[in-house]
Amino acid sequence: SSGINAEYGGLWLKYDALPERYNWERKICEYSIYPLRPEFAEATYLLYQATKHPFYQYVGEAIYQSLEQYTRAKCGYATLNSVLSKKQEDRMESFFLSETCKYLYLLFDTDNPLNQRGDFIFTTEGHLMRVDSFARERRNVFNKGDTDKATNISHLFSCETFPRYRQLAPPFSEQYWFDIASLINLKL
């Protein structure tokens, strides 16, 4: 993942943004719009949290500087119609504030409590989700190198072991929601 991040970092430095579609084989920008997507800032933040390597803060600084220079608008930030011309559209997606800005802020605020705690993760939409000790313990079963233990619980993930009501599409039965709550150690 660090290699892929470095490749996208180079692409960012080339265009001061990421085109929506880039052809790596032909080395051309095929769809040049940049709608302020958060994924690159998110990956950079997460890689910094995992490694604490200053390279990722350098990448984050490049992202921030480009955003300020090319996407800053009178009342916020604007989608780039083209990473080539830097022409702005009168549009800013909500994920820019809720994700892109959040990840860049947290990348540099190393003393932020969210960066110090290990009991929270971000969902794919950038929302905080608490991970309690029950979930961490279940995850650690696979991290201890105890393959017998991992093999012994693999039956828990088989479709045949789920009751019929858990294989159905929504709306789910009340029992299903109780099972979910039990799985994440939530008291109802």
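Below, the structure is looked at part by part. (Residues numbered from 1 in each chain as written. Predicted model: local features only at pLDDT ≥ 70, side-chain atom pairs only at ≥ 80, totals over all residues. Heavy atoms only, no water.)

Looking only at helices and strands, the protein features 8 helices and 6 strands. Going from the N terminus to the C terminus, the protein shows its helices and strands as α-β-β-α-α-β-β-α-α-β-β-α-α-α. A buried classification covers 31% of the 188 residues belonging to the protein. Long-range contacts, defined as pairs at least 24 residues apart, comprise 45% of the intrachain contacts of the protein with a sequence gap of at least 6. Per element, the accessible surface of the protein, about 12,400 Å² overall, is 55% carbon and sulfur. (Helix = DSSP H or I, 4+ residues; strand = E, 2+ residues; numbered from the N terminus. Buried < 20%, exposed > 50% of the residue type's maximum accessible area, 1.4 Å probe, protein only. Contact = heavy atoms within 4.5 Å. Areas by Shrake-Rupley, 256 points an atom, 1.4 Å probe, with all protein chains shown as cover.)

Moving on: the pattern of salt bridges. Within this structure, the stated rule accounts for 4 salt bridges. Where Arg 37 meets Glu 20, a salt bridge forms, and the shortest distance between an N and an O atom there is 2.7 Å. Taken together, the positions of Arg 37 in the loop between β2 (28–31) and α2 (39–51) and Glu 20 in the loop between α1 (2–15) and β1 (21–23) put the pair 17 residues apart, joining distant regions of the chain. Arg 37 sits in the partly exposed class, given a relative accessible area of 35%. As a salt-bridge pair, Glu 30 and Arg 21 come within 3.3 Å of each other at their nearest N and O atoms. With relative accessibility at 34%, the residue Glu 30 sits in the partly exposed group. Linked by salt bridges that have partners in common, Arg 21, Arg 26 and Glu 30 make up one network. (Salt bridge = Lys/Arg side-chain N within 4 Å of Asp/Glu carboxyl O.)

With that settled, consider the nonpolar core. The biggest cluster of nonpolar side chains holds 28 residues, and the ones touching the most others in it are Trp 12, Tyr 34, Ile 63 and Leu 67. Counting residues per element, the ones that place at least two in this core are α1, α2, α3 (54–71) and α4 (94–108). Beyond its immediate stretch of four places on either side in the chain, Leu 67 contacts Trp 12, Tyr 34, Leu 36, Arg 72, Tyr 77, Phe 96, Thr 100 and Leu 104. (Core = buried A, V, L, I, M, F, W, Y, C linked by side-chain atoms within 4.5 Å.)

Glancing now at the packing of α2 against α4. Angle between the axes and distance between the axes are the two parameters that describe a pair of packed helices. Look at α2 against α4: their axes get within 8 Å of each other, and the N-to-C directions meet at 25°. The angle between α2 and α4 places the two elements in the roughly parallel class. The way α2 lies across α4 gives a crossing that is left-handed. Together, Ala 41, Glu 42, Thr 44, Tyr 45 and Tyr 48 of α2 and Thr 100, Tyr 103, Leu 104, Leu 106 and Leu 107 of α4 make up the contact between the two elements. Residue classes in the contact of α2 with α4 are distributed as 7 nonpolar, 2 polar and 1 charged. (Axes fitted to C-alpha atoms, helices over the stretch in contact; angles between N-to-C directions. Parallel < 35°, antiparallel > 145°, perpendicular 65-115°, else oblique. Left-handed = near helix turned anticlockwise from the far one by under 90°. Nonpolar A, V, L, I, M, F, W, Y, C, P; charged D, E, K, R; others polar.)

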